[in-house]
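A look at the structure
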Amino acid sequence: TDGARFAAASVPADVQWLLDAAPVGATGWVAVGDGGVILRSTDDGITFGLAQEDAGADLYAVRSRDSQVGLAGGLHGRAYLTRDGGATWADAASGRQCVIGHDQ
């Protein structure tokens, strides 16, 4: 609560690594990780719930444009879009991959 001490958060999925997190609105957070997992918190990171799981498609980055719209991206061009603050996610992959400057 004071920003100096942290407590372990319970993660509701079999995830070894969470690779990125982004704030969503005033008290929300979204975290992404291996296996394509997307976790969402609406209480400033005290608790997280599973919002999306897509086995085998690691997600490396997540960003939010505002309190409703965000994008998560990862392995093999995988991408998911949210328009409701991270509650639900839709496939937004372009079907293209980029490997260090080379389109595939």
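See the structure printed just above.
This next bit is on the overall build of the protein. Secondary structure assignment for the protein yields zero helices and ten strands. Within the protein, buried positions represent 29% of all 104 residues. Contacts spanning at least 24 positions in sequence make up 27% of the contacts within the protein whose residues lie at least 6 apart. When the accessible surface of the protein is summed, it comes to about 6600 Å², and 53% of that surface belongs to carbon and sulfur atoms.

Glancing now at the sheet that holds strand S7 (residues 79-82). Pairing is antiparallel in the open sheet, where four strands are placed in the order S5-S6-S7-S8. Of all strands in the sheet, those with a lone pairing partner are strand S5 (59-64) and strand S8 (90-91), marking the two edges. Relative to strand S6 (residues 70-74), S5 runs antiparallel, the two being bridged by five bridges. Bridging from a neighbouring strand, Ser64 pairs with Gly70 of S6.

Cut-off values and rules
- Residues numbered from 1 in each chain as written.
- Predicted model: local features only at pLDDT ≥ 70, side-chain atom pairs only at ≥ 80, totals over all residues.
- Heavy atoms only, no water.
- Helix = DSSP H or I, 4+ residues; strand = E, 2+ residues; numbered from the N terminus.
- Buried < 20%, exposed > 50% of the residue type's maximum accessible area, 1.4 Å probe, protein only.
- Contact = heavy atoms within 4.5 Å.
- Areas by Shrake-Rupley, 256 points an atom, 1.4 Å probe, with all protein chains shown as cover.
- Pairing = 2+ DSSP bridges.

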